[in-house]
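These are the residues of each chain, in order.
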Amino acid sequence: MEVLGILSAFGLSASAGLNAYIPLLVVALLGRFTNLITLHPPWDTLTNGWVIALLVVLALIEFFADKIPAVNHINDLIQTFIRPTAGAIVFAASANVITEIHPVLALALGLLVAGGVHATKALAVRPAVTATTGGAGNVPVSMLEDLTAALVSILAVVVPVVIACVLIVVTSWIVFRLYRRAKQAT
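Residues numbered from 1 in each chain as written. Predicted model: local features only at pLDDT ≥ 70, side-chain atom pairs only at ≥ 80, totals over all residues. Heavy atoms only, no water.

Participant: Summarise the overall build of the protein chain; cite the residues concerned and give the values.
Facilitator: When its secondary structure is counted, the protein chain shows seven helices and zero strands. Each helix (α) and strand (β) of the protein chain, taken in turn from the N terminus, gives the series α-α-α-α-α-α-α. Taking 2.2 N^0.38 as the reference for a compact globule, 186 residues should give roughly 16 Å; the C-alpha atoms of the protein chain span a radius of gyration of 17 Å, in line with that estimate. Dimensions of the protein chain, computed from C-alpha atoms along their principal axes, come out at roughly 50 × 35 × 25 Å. Across the 186 residues that make up the protein chain, the buried fraction comes to 40%. Counting only contacts in the protein chain whose residues sit at least 6 apart along the sequence, the fraction spanning at least 24 positions is 69%. Counting only carbon and sulfur atoms, one obtains 78% of the accessible surface of the protein chain, whose full area is about 10100 Å². Here the protein chain contributes 9 positively and 8 negatively charged side chains, and the mean placements of these two sets differ by 15 Å. (Helix = DSSP H or I, 4+ residues; strand = E, 2+ residues; numbered from the N terminus. Rg over C-alpha atoms; globule rule 2.2 N^0.38 Å. Buried < 20%, exposed > 50% of the residue type's maximum accessible area, 1.4 Å probe, protein only. Contact = heavy atoms within 4.5 Å. Areas by Shrake-Rupley, 256 points an atom, 1.4 Å probe, with all protein chains shown as cover. Lys, Arg positive; Asp, Glu negative; His and termini not counted. Charge placed at Lys NZ, Arg CZ, Asp CG, Glu CD.)

Participant: How would you explain the confidence of the model for the protein chain if you had to name every residue and give the values?
Facilitator: The share of residues in the protein chain with pLDDT of 70 or more is 94%, and the mean pLDDT across the chain is 88. Across the protein chain, the element-wise mean pLDDT spans from 80 in helix H7 (residues 160–185) up to 97 in helix H3 (residues 49–65). (pLDDT = per-residue confidence, 0-100.)

Participant: Hey, could you go over the side chain of Asp76 for me, with residue numbers and the actual values?
Facilitator: Looking at the element boundaries, Asp76 is found in helix H4 (residues 71–98). Excluding residues within four positions of it along the chain, Asp76 makes contact with Asp66, Arg83, His118, Lys121 and Arg126.

Participant: Give me the nonpolar core: which residues, what numbers.
Facilitator: Counting 34 residues, the largest nonpolar core has Val27, Leu39, Leu46 and Leu55 as the members making the most contacts within it. Contributions of two or more residues to this core are made by helix H1 (2–16), helix H2 (21–33), H3, H4, helix H5 (103–133) and helix H6 (138–158). Of the residues forming this core, the biggest block, eight residues, is contributed by H2. Residues within four places of Leu55 in sequence aside, it is in contact with Tyr21, Leu24, Leu25, Ala28 and Leu46. (Core = buried A, V, L, I, M, F, W, Y, C linked by side-chain atoms within 4.5 Å.)

Participant: How would you summarise H5 if you had to cite specific residues and measurements?
Facilitator: An α-helix turns once every 3.6 residues. As a result, residues three or four positions apart point the same way. End to end, H5 covers 42 Å across 31 residues, agreeing with the expected 45 Å (1.5 Å per residue, within 8%). Among the residues of H5, Ala106, Gly110, Val113, Ala114, His118, Lys121, Arg126 and Val129 are the ones counted as buried. Directly after H5, the chain includes Gly134, whose backbone phi takes a positive value near 65°. (Expected span 1.5 Å × (residues − 1).)

Participant: Describe unusual backbone geometry, and please don't skip the residues or the numbers.
Facilitator: Along the chain, Pro41 connects to Pro42 via a cis peptide bond; the corresponding omega equals 0°. Within the fold, Pro42 resides in the loop between H2 and H3. Positive phi values are uncommon outside glycine, yet Ala70 reaches one of about 75°. Among the structural elements, Ala70 can be located in the loop between H3 and H4.

Rendered as structure tokens:
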């Protein structure tokens, strides 16, 4: 059961790297309205109605800010600090549900996972999309990122083993593509 809790925490923090508020909102809503997650103090604060309302507002702001040209780049710059923090919080909150991971380790792991996903998005994916599409591809890519963050967040709670498999396949595919590209360049 502890392994599933860890996998769930990794999936949630990875989705925070794409959208800071979606995984927090998923954990908050599931913690408040279902038996899938029971958050322990201090993480149970996420289930407070005011916190959920704030997360909804922040998710909407991030959703729309990421769809406006030029504003999306400013949003990504601001989110450089917020997404890793959200990943740390959601990792610690969800890992604490099932496991007894030390909170400092959980926060650090969440920070690294969400920060890595955000860095990949902000430093590699989005600039490539902007350069190759003249910015026209940013809105569809942003919508895909939001959808991915929502699906990964839900699946991370419901089926953490599936998330682990998906992450392994995607990572393997990216490494293979990078290897192939480097081999072709030489």
